[in-house]
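Residue-level structure breakdown
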Amino acid sequence: MPDKSANTSLINWLAEPEEQDYPAAASYLSLLYAPDRVDDMVSALRSATVIRFKAKDIFRASGLSLLGISNSHVEKDRKKIANCKALSPLLLVRNEALGKVVIADGYHRLCAIYSLSEDEWIHCKIV
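About the cut-offs
Residues numbered from 1 in each chain as written. Predicted model: local features only at pLDDT ≥ 70, side-chain atom pairs only at ≥ 80, totals over all residues. Heavy atoms only, no water. Pairing = 2+ DSSP bridges. Helix = DSSP H or I, 4+ residues; strand = E, 2+ residues; numbered from the N terminus. Axes fitted to C-alpha atoms, helices over the stretch in contact; angles between N-to-C directions. Contact = heavy atoms within 4.5 Å. Buried < 20%, exposed > 50% of the residue type's maximum accessible area, 1.4 Å probe, protein only. Salt bridge = Lys/Arg side-chain N within 4 Å of Asp/Glu carboxyl O. Patch = residues over 30% accessible without salt bridge, like charges linked within 9 Å, V, L, I, M, F, W, Y side chains within 5 Å. Areas by Shrake-Rupley, 256 points an atom, 1.4 Å probe, with all protein chains shown as cover. Core = buried A, V, L, I, M, F, W, Y, C linked by side-chain atoms within 4.5 Å. pLDDT = per-residue confidence, 0-100.

Labelled according to an unreviewed UniProt entry, the protein appears under the name ParB-like nuclease family protein, originating from Undibacterium squillarum.

1. Description of the sheet that holds strand β3 (residues 100–105)
Overall, mixed pairing links the four strands, which are arranged β1-β4-β2-β3 in an open sheet. Unpaired on one side and paired on the other, β1 (51–54) and β3 mark the two borders of the sheet. Averaged over all pairs of adjacent strands, the angle between their axes in this sheet comes to 50°, without regard to strand direction. As defined by bridge partners, strand β2 (residues 90–95) adjoins strand β4 (residues 121–126) across three bridges and the pair is classed as parallel. Its bridge partner lying in β4, L90 is registered against C124. Sheet strands in contact with helix α1 (residues 21–29) are β2, β3 and β4, and its direction is about 130° off that of β3.

2. Some words on the side chain of D105
Along the chain, D105 turns up in strand β3. The buried category is assigned to D105, whose relative accessible area is 12%. Non-local contacts of D105, meaning those with residues more than four positions away in its chain, are made with D21, A24, A25, L90 and L91.

3. As for the pattern of salt bridges
Going through the model one piece at a time under the given rule, you end up with six salt bridges. The salt bridge involving E75 is made with K79; its shortest N-O contact spans 3.7 Å. With a gap of four residues between them, E75 and K79 both fall in helix α4 (residues 72–82), about one helical turn apart. We classify E75 as partly exposed; its relative accessible area is 35%. A salt bridge links D105 to R109, with the shortest nitrogen-to-oxygen separation between them at 2.8 Å.

4. A look at helix α5 (residues 107–116)
Those residues of α5 that fall on the buried side of the exposure criterion are R109, L110, C111, A112 and I113. Where α5 is buried, its residues contact α1, α3 (55–62), α4, β2, β3 and β4.

5. Quick notes on a nonpolar patch on the surface
Together, Y28, L31 and L32 make up a nonpolar patch on the protein surface, roughly 320 Å² of accessible area in all. By secondary structure assignment, the location of Y28 is in helix α1.

6. Quick word on the nonpolar core
Counting residues in hydrophobic clusters, the biggest one holds 21 residues, and the most contacted among them are W13, I58, L90, L92, L110, I113 and I122. Secondary structure elements with two or more residues in this core: β1, α3, α4, β2, β3, α5 and β4. Counting residues per element, this core draws most heavily on α5, at four residues. Other than its neighbours up to four places away in sequence, L92 contacts L45, I58, V101, V102, I103, A104, C124, K125, I126 and V127. Among the nonpolar cores identified, the runner-up in size contains twelve residues, and A25, Y33, M41 and L45 belong to it.

7. Side note on the confidence of the model for the protein
Put simply, the protein has an average pLDDT of 91, and 92% of its residues get 70 or more. The weakest mean pLDDT in the protein belongs to α4 at 92; the strongest belongs to α1 at 98. pLDDT under 50 marks residues 1–8. Its contacts with residues more than four places away, or in other chains, come to 16 contacts.

In structure tokens:
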């Protein structure tokens, strides 16, 4: 069950995803879904409430592999964390047919956080 409280130990979070995260999510989702479904998903993500899940649970639900800290995008996000810069919440979509979660935006942020603590709470929107 997602946790809705706002306290985290390692990460500073923006209250809402950054505006550029939505087109990035749409671009990725358009590889998986028809354009009309993508539009509906992005619209739903925009209006969804930010909630939290543990990093390890998002990884398990997504079925994705962890990127190493040598990945330039992961390294960039690790530096943001070290410098106490706020991160944008992840954008997630449930693929109920496959029983998986699609990380529409925020995969590198998730990998950076997981490399510090798999038990860290990740702020996200999920539809």
